[in-house]
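Report on the structure
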Amino acid sequence: MPEPETSKPEAAAPRVHPHAATLKRLEKSSGSLAQQAIARMDETLPWYRAMPPENRSWIGLVAQAGIAAFTEWFRHPDAPQAISTDVFGTAPRELTRAITLRQTVEMVRTTIEVMESAIDEVAAPGDESVLREALLVYAREIAFATAQVYAQAAEARGAWDARLESLVVNAVLSGEADEGAVSRAAALGWNAPEHVCVVLGTAPDGDSELTVEAIRRAARHAKLQVLTGVLGDRLVVIAGGSDNPIGVAKSLIGPYAAGAVVAGPVVADLLAATRSAQAAAAGLKACSAWQDAPRPVLADDLLPERAIAGDPSAREQLVEEIYRPLEEAGSALLETLSVYLEQASSLEGAARMLFVHPNTVRYRLRRVTDVTGWSPSDVRSAFTLRIALILGRLADGDLPA
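Cut-offs used in this document
- Residues numbered from 1 in each chain as written.
- Predicted model: local features only at pLDDT ≥ 70, side-chain atom pairs only at ≥ 80, totals over all residues.
- Heavy atoms only, no water.
- UniProt positions renumbered as here; feature names shortened; annotations may be inferred.
- Helix = DSSP H or I, 4+ residues; strand = E, 2+ residues; numbered from the N terminus.
- Buried < 20%, exposed > 50% of the residue type's maximum accessible area, 1.4 Å probe, protein only.
- Areas by Shrake-Rupley, 256 points an atom, 1.4 Å probe, with all protein chains shown as cover.
- Patch = residues over 30% accessible without salt bridge, like charges linked within 9 Å, V, L, I, M, F, W, Y side chains within 5 Å.
- Salt bridge = Lys/Arg side-chain N within 4 Å of Asp/Glu carboxyl O.
- Lys, Arg positive; Asp, Glu negative; His and termini not counted.
- Charge placed at Lys NZ, Arg CZ, Asp CG, Glu CD.
- Core = buried A, V, L, I, M, F, W, Y, C linked by side-chain atoms within 4.5 Å.
- Contact = heavy atoms within 4.5 Å.
- Phe/Tyr/Trp six-rings, centres within 6.5 Å; stacked < 30°, edge-to-face > 60°.
- Polar contact = N/O pair within 3.5 Å; in protein donor to acceptor, adjacent residues only side chain to side chain.
- Pairing = 2+ DSSP bridges.
- Axes fitted to C-alpha atoms, helices over the stretch in contact; angles between N-to-C directions.

Per an unreviewed UniProt entry, the recorded name for the chain is Fatty acid biosynthesis transcriptional regulator FasR, and the organism is Streptomyces longisporus. Recorded in UniProt for the chain, the comment headed Sequence similarities (unreviewed entry) runs: "Belongs to the CdaR family."

So this is what it looks like as structure tokens:
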């Protein structure tokens, strides 16, 4: 007996898109819409016309990809899609450097405006409002995607710039600054200011990126260029644009932790900034010996402490800037200064020892101030002058070995 035939289930009919006619017309018109968008950009965006052909070509591809992505999004509005990949993935990463976020927004707006103006032609009868609403939602999504692309590019560029800046700062501090460091600084926006100095102090606890950003804000307010970084427990700032190092340090002092802040001398450029950095580092090391030191303090105001701590450049500076000029000005000034300091800064006592009138001693001491810039009547200056005399005599070999 033959078995009864079993009925086979019929294959499900393919699902028809609710707006199939509009989708088909949208697919057919995507190429012409892209061409219209590019023509509108060329007509209304001066920056687009001024771009090299290669970049204009990439922007055209982005516009085409945007329209194609909208078509696919309209086909499957509920499917999760990575719009940023679909649209911006067609262009190289370098394009985010070639065009700004504002320019990208103008490009997207122009493309959306072209698509909006074509809704009545593209949409099937009765689908105009559906297509317009879909385009509004898509415009919102593409705006978020644009922001995401530029945020990611900025984050990557910021991380790279931070590493580059750290290399420059470390090279200056370690005495290894060369033309390579200058080139890296130029890539960071350093435009070779005439006056440069280095400010050193203790870095605060916490996020070093926040500290660096605080330095940048202070620098912008003071109209200074800066290269900065946290190296170990030290906050290092290379500042350019002012010939007043103590003024620079005061304007940037806010983000530093409690403790000494030392400003190195002003130098001509970034290559010479090593000298300023080394002076500031030596001053920071020796600052504990001067408990009443101001904050901030100049590295040159710490010359005696630096010399006692073993800084050879400080010793040389004291000899060359104080002792040698006094020596060249005549033996009377050196002798008068030495006797005056030995007599506890007494004019009458020095006059008796020198067999001269006190007014003569007073005149010679004024000459000492004129020659050296340090006043023997000031306690701090007198200490500096005394150290300079000792180092000068040692350099001349006046004392027995």
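Along the backbone of the chain there are 18 helices and five strands. Counting over 401 residues, the chain shows a buried share of 43%. For the chain, the exposed area adds up to about 22000 Å²; of that, 53% sits on carbon and sulfur atoms.

On the surface, a cluster of negative charge is contributed by Glu 176, Asp 178, Glu 179 and Asp 269. On the secondary structure map, Glu 179 appears in helix H9 (residues 179-187).

In this structure, Met 41, Trp 47, Ile 59, Phe 70, Met 107, Leu 131 and Tyr 138 are the most contacted members of the largest nonpolar core, which totals 33 residues. Ranked by residue count, the leading element in this core is helix H3 (residues 53-75), at eight residues. The residues contacting Phe 70, other than those within four sequence positions of it, are Leu 26, Met 115, Leu 131, Ala 134, Leu 135 and Tyr 138. With 28 residues, the next largest nonpolar core counts Ala 314, Val 319, Val 339 and Trp 374 among its residues.

Quick look at the packing of aromatic side chains now. Here the structure, examined in full by the defined rule, presents three aromatic pairs. On the numbers, 6.2 Å between centres and 40° between planes, the contact of Phe 70 with Phe 74 is tilted. Linking Phe 70 with Phe 74, this pair stays in helix H3, spanning four residues, or about one helical turn. Judged by its relative accessible area of 2%, Phe 70 falls in the buried class.

Here the focus is the side chain of Arg 324. With respect to the helices and strands, Arg 324 occurs in helix H14 (residues 312-328). Side-chain polar atoms of Arg 324 contact the side chain of Asp 396, separated by 2.9 Å. For Arg 324, the contacting residues outside a window of four places in its chain are Val 319, Ala 395 and Asp 396.

Moving on, we get to the sheet that holds strand S3 (residues 234-240). Strand pairs in the sheet, formed through backbone hydrogen bonds, run parallel or antiparallel to each other. If you trace the five strands from one edge of the open sheet to the other, you get S2-S3-S1-S4-S5, paired in mixed fashion. Here the strands that pair on one side only, and so sit at the sheet edges, are strand S2 (225-231) and strand S5 (297-298). Strand direction decides the pairing type here: S2 and S3, joined by seven bridges, are antiparallel. Across the sheet, Val 226 pairs through a bridge with Ala 239, a residue of S3. Against the sheet, helix H10 (residues 208-222) makes contact with S2 and S3, and its axis sits at roughly 160° relative to S2, the strand it touches most.

Here we take up the pairing of S2. By the criterion of burial, S2 is predominantly enclosed, with five of the seven residues buried. Hairpin remark: S2 followed by S3, antiparallel, with two residues in the connecting loop; positive phi at Gly 232, about 65°.

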